[in-house]
Every structure is written in C-alpha cells, then in structure tokens.
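Each chain is listed here by its residues.
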Amino acid sequence: SEVYEVTWQSGGTPERVKIKGLLVLDDRLRARLYYASNISLVITVILVLCLASLLLTATLEREVVFPVDKIMALVHSFSLDPLRPLRVEATPPPRELALIRAVLIKLAVLLQQAYGAAGAKLIRRTLAHSGMGEVSVNSRGRIVRAFFGFCDIRNFTDLTEVLQSDVMKVVNTVAQYVHKAVTDSNGFPNKNIGDAFLLVWKPSAAVSNGNGVNETADEALRSYIRMILEVARSARLKKCAKAKAIQDRLPGYRVKMGFGLHFGWAVEGAIGTSTKIDASYLSPHVNMSSRLEAATKQYGVEILLSEDVYHLLSTEVAELCRMVDRVTVKGSIRPLSLYTYDVPVCTCEGGALPDADADCVSDADMSCLEFFTKLQPCTSVEFRDKFKSALGHYLGGEAGDKANWTQAHRELEECLEMVPKDGPCLAILDYMQAAREKWSKTGGKWEG
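Residues numbered from 1 in each chain as written. Predicted model: local features only at pLDDT ≥ 70, side-chain atom pairs only at ≥ 80, totals over all residues. Heavy atoms only, no water.

### A look at the overall build of the chain
What counts here: Numbering goes from the N terminus for both helices and strands, where a helix is a DSSP run of H or I of at least four residues and a strand is a run of E of at least two. Remark: exposure states derive from per-residue accessible area (1.4 Å probe, protein chains only) relative to the maximum for the residue type, with buried under 20%, exposed over 50%, and partly exposed in between. Residues count as neighbours in contact if any of their non-hydrogen atoms are within 4.5 Å of one another.
Counting its secondary structure elements, the chain contains 16 helices and ten strands. Here the chain, with 448 residues, has 39% of them falling under the buried criterion. Sequence-distant contacts, at least 24 apart, represent 65% of the contacts inside the chain between residues at least 6 apart.

Quick look at the structure:
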C-alpha cells in the first residue's frame with residue numbers, strides 16, 4: 001500500500017487530503033495490442049516470403065525449367081527423327097537458355113542439311129548413345145531401293161574460268177531450284193559435288209509394292225522437268241549467262257543441265273572416319289545414274305531414263321516418253337534401253353509452251369496427272385511414232401536379228417525433217433555411219 005496526497009478545490013479553498021490505498025493499473029489492452037501487432041508482422045512476413053517464393057518459382061520455371069525442358073524435348077525428338085522439320089526463330093528472346101536452344105536448333109538444321117536422309121540413322125544412333133563420345137562409323141550400312149538421280153551444269157569448267165569466284169552465285173542459284181524441286185516431290189538432295197548433284201527418291205515402304213513406286217517415279221521425272229524450266233526462265237541465271245566474258249568464250253550460251261535417272265538398290269550409310277564423315281549411297285546403280293547423265297551430251301537430250309525407271313512410270317506418263325537407244329554399259333553384259341522426255345520449251349525461249357503453263361511448274365499442290373497434261377513433250381505423237389519405227393529397224397528386235405539399217409536411216413532422215421537437229425536422230429545416224437562395217441560383220445545381228 002502507498003500513501004497518496006490528493007489536493008482538490010471546493011468553494012474556492014484548496015484542500016489537501018492524504019489517502020492511503022492500493023493503485024492497480026490494467027495493462028491487458030496494451031498487451032493485446034502488442035501481441036496482435038507482432039502476430040500481424042509475422043503473418044505479413046510469411047505472406048511476403050510465400051509471394052516471393054511463388055514469384056521466384058514462376059521465374060525459375062519460365063526462365064530455367066521450361067527452357068531446359070524444351071531443350072531436352074528438342075534433343076529427344078531430334079534423336080528419334082533427325083529429319084523432322086525444325087523452325088529457326090529469326091530473333092530469339094535475349095535470354096541465355098533461349099539463345100542456347102536457338103543455337104541447338106540451328107546446329108540441328110545444319111546436321112539435317114549436311115547429312116540429309118542418308119545420315120538420319122547415324123544422327124539417331126549417335127544421339128541415342130549415352131556416352132555421346134566419339135562418333136562410330138564402323139557400322140553396317142542399310143540396303144535401300146530407290147530412284148537415284150544425277151544432274152550436272154553444262155560447260156561448268158568454262159564458267160569457272162571466266163566467272164572465277166562469282167561462279168558460286170550460279171551454282172547456288174541452280175541448287176535452289178534443284179533442291180526445292182526435289183523436296184517438293186518427296187525426294188532428298190544427297191550430295192553437292194561442285195557442278196553436280198546426287199538426288200534420291202525412296203518409295204515409302206508401306207506402298208513399295210503398290211502404286212507408290214509409280215507415283216515416286218512420276219514425281220522424280222516431274223521434278224527434272226521443273227528444274228529444267230525454272231533454270232531456263234531464271235532472270236538471275238540469264239543475267240549471268242549474258243555477261244560479255246561468257247558470251248565471248250561461249251557465244252549464245254545459256255545455263256543448261258543434263259539429268260540421269262536410274263532405279264535400283266544401294267547401301268545407305270556413313271562413309272569416312274572420325275575426322276570427316278559423309279552420309280551417302282554406294283552402289284553400281286548410283287554410278288549408273290551418273291553415266292546416264294554423261295550420256296545426255298552424246299544423245300543431245302536433257303534427260304535420260306533407264307528402262308528400270310521407264311517400266312515403273314505410270315502408264316499415262318510412260319506414253320509421253322520415247323526410247324532413244326539400247327546400249328551395253330561398260331561393266332555390264334545386259335543391254336540397257338534408254339528413254340527420254342522431250343521437255344517443252346517456253347515461248348520466251350523460242351518454244352511453244354505458253355508462259356502461263358510454265359508458271360505452274362512450281363505449284364507443288366498440282367497433281368502429277370495435271371502437270372503432265374499441261375506440260376506435254378515438245379515433240380508430236382506423229383514424230384515419236386516415226387522415231388519408234390526407225391529405232392525398231394535400227395535395233396532389230398530383242399535379239400537384234402531383224403535390224404534393217406537402210407530403212408532405219410531413211411526413217412531417221414524423215415524424223416529430222418519433222419524435228420531438225422533432234423539429238424537422238426543425229427546420234428544414231430552418226431553411230432550407224434561409224435559402225436556399219438562392224439554391223440555387217442555380225443551378219444546383221446545387233447543388240448545395241
């Protein structure tokens with residue numbers, strides 16, 4: 001207890017009174033407020049930490065987890081299907097992982113472009129290997145049956161000597177037309193060998209015993225015709241060909257190509273060492289396509305097809321081709337029949353094909369039937385029938401024992417009256433003139 005002195009005033013006179021008692025102070029309200037404020041502070045801190053954690057988690061997922069998942073998904077899908085089309089972002093977001101993914105996509109695209117269909121198995125096997133170490137090339141190849149095409153730019157040596165470093169512009173412009181036409185026809189460019197290109201069309205395994213092979217054969221021939229017309233109408237190639245230095249060396253020159261097409265088997269796989277690997281095809285059938293292309297110069301045509309390709313064309317397309325000769329190729333004992341397609345020439349090039357019809361060659365959505373209906377051979381049915389008769393007299397049937405070169409010569413001359421400077425006519429006439437003595441020694445039996 002304590003004694004408290006209390007003073008108060010009543011009626012104007014102050015009075016002092018001493019009171020002894022116990023003063024009790026109630027602090028519960030202040031304590032409640034204190035603890036409540038502390039609890040509020042703790043809750044606020046927890047909420048702030050939770051929110052910060054959520055924000056950090058979202059940022060990590062957006063900036064790290066999701067990009068890493070996309071990178072892993074990209075690598076996984078690419079390892080399963082190395083030929084799957086990939087989209088390269090023109091301007092990737094300025095984030096490290098996004099840039100890494102963009103670089104990986106570009107590297108994958110470069111692998112696709114470098115190895116193509118032949119290297120798909122090599123890429124798949126290498127990415128699936130857990131060690132990811134040195135690439136193994138000591139593995140077996142794979143036997144495939146396909147159409148093998150070989151095409152070549154004419155007078156390339158002269159072009160290189162005249163244009164020097166600018167010849168790359170010509171090659172790459174031609175390559176754009178070649179590669180686009182091949183891929184649009186479900187084929188694959190395999191090798192770029194300077195002025196030449198190796199092309200492959202593989203019929204689908206699911207339809208290899210049905211019409212799929214016929215469709216693939218038609219598509220391969222269609223792509224050749226498209227290349228020829230696009231190269232002939234290219235403004236950039238015309239400008240290069242009209243350069244004074246080229247015209248001085250090759251008067252009247254224009255960029256032209258030769259094409260060979262053959263069907264057969266080949267070994268598909270990796271060729272080389274750990275230092276340098278090429279994915280390509282090994283087979284005499286691949287070499288045959290190259291020989292056919294080389295023979296286009298001899299026969300004065302742009303396209304030569306082997307009989308193996310001709311017999312796989314659809315009936316409608318095969319009727320538009322003509323047989324030009326039967327030859328025995330070096331290294332083979334079986335005579336091989338050669339066929340060509342007389343590619344129409346645009347009116348802008350002095351031909352009869354309307355430019356409007358020529359414009360459609362790049363339409364990948366057009367059916368093969370419509371394509372060949374619009375782009376009929378530049379030779380008439382009458383000419384092709386006359387040439388077929390002349391060729392029959394020249395070859396003398398399957399055994400060659402019915403050859404009549406006198407009649408063949410007469411009919412070939414008639415063909416030249418219809419189509420002056422026809423390459424196959426001139427080639428056969430020249431050969432008959434040179435080989436007449438040899439033919440007479442065989443007793444009139446001729447197998448080509």
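### Observations concerning the nonpolar core
Cut-off, in case you're wondering: Here the nonpolar core consists of buried residues drawn from Ala, Val, Leu, Ile, Met, Phe, Trp, Tyr and Cys, with membership extended through side-chain atoms lying within 4.5 Å.
Counting residues in hydrophobic clusters, the biggest one holds 59 residues, and the most contacted among them are Leu-221 and Ile-225. At ten residues, the largest contribution of residues to this core is made by helix H6 (residues 211-233). When residues no more than four places from it in sequence are discounted, the contact partners of Leu-221 are Leu-261, Ile-303, Leu-305, Leu-313, Val-317, Cys-321, Tyr-341 and Phe-372. Residues Ala-390, Leu-395, Ala-403 and Met-432 belong to the second largest nonpolar core, which totals 17 residues.

### With respect to the pattern of salt bridges
Short version of the rule: Salt bridges, as used here, are contacts in which a Lys or Arg side-chain nitrogen is within 4 Å of a carboxyl oxygen on Asp or Glu.
Under the definition given, this model contains 15 salt bridges. Arg-249 is paired through a salt bridge with Glu-161; the nearest N and O atoms lie 2.3 Å apart. With Arg-249 in helix H8 (residues 244-249) and Glu-161 in helix H4 (residues 156-163), this pair connects stretches of sequence that are 88 residues apart. Note that Glu-268 is salt-bridged to Lys-202, the shortest N-O span being 2.9 Å. Here Glu-268, found in strand S6 (residues 257-272), pairs with Lys-202, found in the loop between strand S5 (196-201) and H6; they are 66 residues apart in sequence, far enough to count as distant. With a relative accessible area of 4%, Glu-268 lands in the buried category.

### What about the pairing of S5?
Using the following cut-off: We treat two strands as partners when DSSP finds at least two bridges between them.
For S5, the tally of buried residues reaches six of six residues, placing the bulk of the element in the interior. Neither face of S5 is left uncovered, since the one carrying Ala-196, Leu-198 and Val-200 and the one carrying Phe-197, Leu-199 and Trp-201 both have all their residues buried. Examined bridge by bridge, strand S3 (residues 142-153) and S5 share six bridges and lie antiparallel to one another. By the bridge assignment for S5, Cys-151 is matched with Phe-197. Both strand S4 (residues 188-193) and S5 contribute to a ladder of five bridges, which runs antiparallel. Residue Ile-193 lies in a different strand from S5, and its bridge partner there is Ala-196.

### Some remarks on the side chain of Ser-223
Topologically, Ser-223 is positioned in helix H6. Not counting residues within four places of it along the chain, the set of residues in contact with Ser-223 comprises Ala-181, Val-182, Ser-185 and Trp-201.

### Side note on the confidence of the model for the chain
Put simply, the rule is: Note: pLDDT gives the predictor's confidence per residue, expressed from 0 to 100.
Of all residues in the chain, 73% have pLDDT values of 70 or greater, and the mean over the chain is 81. The low-confidence segment residues 205-209 (pLDDT under 50) makes three contacts with residues lying over four places distant or belonging to another chain.

### Structural notes on helix H5 (residues 167-184)
Defined as follows: To estimate the expected span of a helix, count its residues, drop one, and scale the result by 1.5 Å.
When the terminal C-alpha atoms of H5 are compared, their 26 Å separation across 18 residues agrees well with the 26 Å that a helix rising 1.5 Å per residue should span. Every buried residue of H5 is accounted for by Val-167, Val-170, Val-171, Thr-173, Val-174, Ala-175, Val-178, Ala-181 and Val-182.

### With respect to the packing of helix H14 (residues 381-395) against helix H15 (residues 405-418)
Angle between the axes and distance between the axes are the two parameters that describe a pair of packed helices. For the record, the criterion: Only the contacting stretch of a helix is used when fitting its axis, a line to C-alpha atoms as for every element, and angles between N-to-C directions run 0 to 180 degrees. Here the word oblique covers every angle except those under 35 degrees (roughly parallel), over 145 (roughly antiparallel) and from 65 to 115 (roughly perpendicular). By convention the crossing between two helices is left-handed if the near helix lies anticlockwise of the far one by an angle smaller than a right angle, and right-handed if it lies clockwise. Note on residue categories: nonpolar means Ala, Val, Leu, Ile, Met, Phe, Trp, Tyr, Cys or Pro, charged means Asp, Glu, Lys or Arg, and polar means any other residue, Gly included.
Put simply, H14 and H15 touch, their axes get as near as 8 Å, and they point 160 degrees apart. Between H14 and H15, the angle is such that the two are roughly antiparallel. When you trace H14 past H15, the crossing you get is left-handed. Across the interface between the two elements, Glu-382, Phe-383, Lys-386, Phe-387, Ser-389, Ala-390, His-393 and Tyr-394 from H14 touch Trp-405, Gln-407, Ala-408, Glu-411, Leu-412, Glu-414, Cys-415 and Met-418 from H15. Considering only residue class, the contact of H14 with H15 consists of nine nonpolar, three polar and four charged.

### Focus on unusual backbone geometry
One non-glycine residue with positive phi stands out, namely Asn-155, at about 55 degrees. Relative to the assigned elements, Asn-155 resides in the loop between S3 and H4. Even without glycine at this site, Gln-164 takes up a positive phi of about 55 degrees. If you trace the backbone, Gln-164 turns up in the loop between H4 and H5.

### Some words on the pairing of S3
Extensive coverage of S3 is indicated by the burial of nine of its twelve residues. Strand direction decides the pairing type here: S3 and S6, joined by twelve bridges, are antiparallel. Within the sheet, the bridge partner assigned to Val-144 lies in S6 and is Ala-266.

### Quick look at the side chain of Ser-314
The criterion, for reference: N or O atoms within 3.5 Å of each other form a polar contact, as long as, within protein, one can give a hydrogen and the other can take it, and as long as residues adjacent in sequence are counted only when both atoms are side-chain atoms.
Mapped onto the elements, Ser-314 comes out in the loop between helix H10 (307-310) and helix H11 (315-318). Its relative accessible area of 15% is what places Ser-314 among the buried residues. In terms of polar contacts, Ser-314 uses its side chain to reach the side chain of Asp-218, at 2.7 Å. Setting aside anything within four residues of it in sequence, one finds Ser-314 in contact with Asn-214 and Asp-218.

### Brief notes about H15
Short version of the rule: Comment: arc refers to directions from the helix axis out to C-beta atoms.
Given a rise of 1.5 Å per residue, 14 residues ought to cover 20 Å, and the 20 Å separating the end C-alpha atoms of H15 matches this to within 8%. When H15 is considered as a whole, its buried residues turn out to be Trp-405, Ala-408, Glu-411, Leu-412, Cys-415 and Leu-416. Down the axis of H15, the buried side of the element spans an arc of 150 degrees, and every buried residue falls inside it.

### Quick notes on the packing of H4 against H5
Following both chains from N to C, one finds H4 and H5 inclined at 135 degrees, their axes separated by 8 Å at the closest point. When the axis of H4 is compared with that of H5, the two are oblique. Where H4 approaches H5, its residues Phe-156, Leu-159, Thr-160 and Leu-163 are matched on the opposing element by Val-167, Val-170 and Val-171. Of the residues in the contact of H4 with H5, the class split is six nonpolar, one polar and no charged.

### Points about the packing of aromatic side chains
Rules: Paired rings are identified among Phe, Tyr and Trp, the last through its six-membered ring, by centres lying within 6.5 Å, and are further divided according to the angle between planes into stacked (under 30 degrees), edge-to-face (over 60) and tilted (the rest).
Evaluation of the coordinates by the stated rule reveals ten aromatic pairs. Ring centres of Tyr-341 and Phe-372 lie 5.8 Å apart, and the angle between their planes is 65 degrees; this geometry places the pair in the edge-to-face category. Pair noted here: Tyr-341 is in the loop between strand S10 (336-340) and helix H12 (355-358) and Phe-372 is in helix H13 (residues 368-374), with a separation of 31 residues, a long-range link. Where Phe-371 meets Phe-372, the ring centres are 5.3 Å apart and the plane angle is 80 degrees; that geometry is what we call edge-to-face. For Phe-371, a relative accessible area of 0% gives the class buried. The buried category is assigned to Phe-372, whose relative accessible area is 3%. The rings of Trp-201, Tyr-224 and Phe-259 are connected pair by pair, giving a single aromatic cluster.

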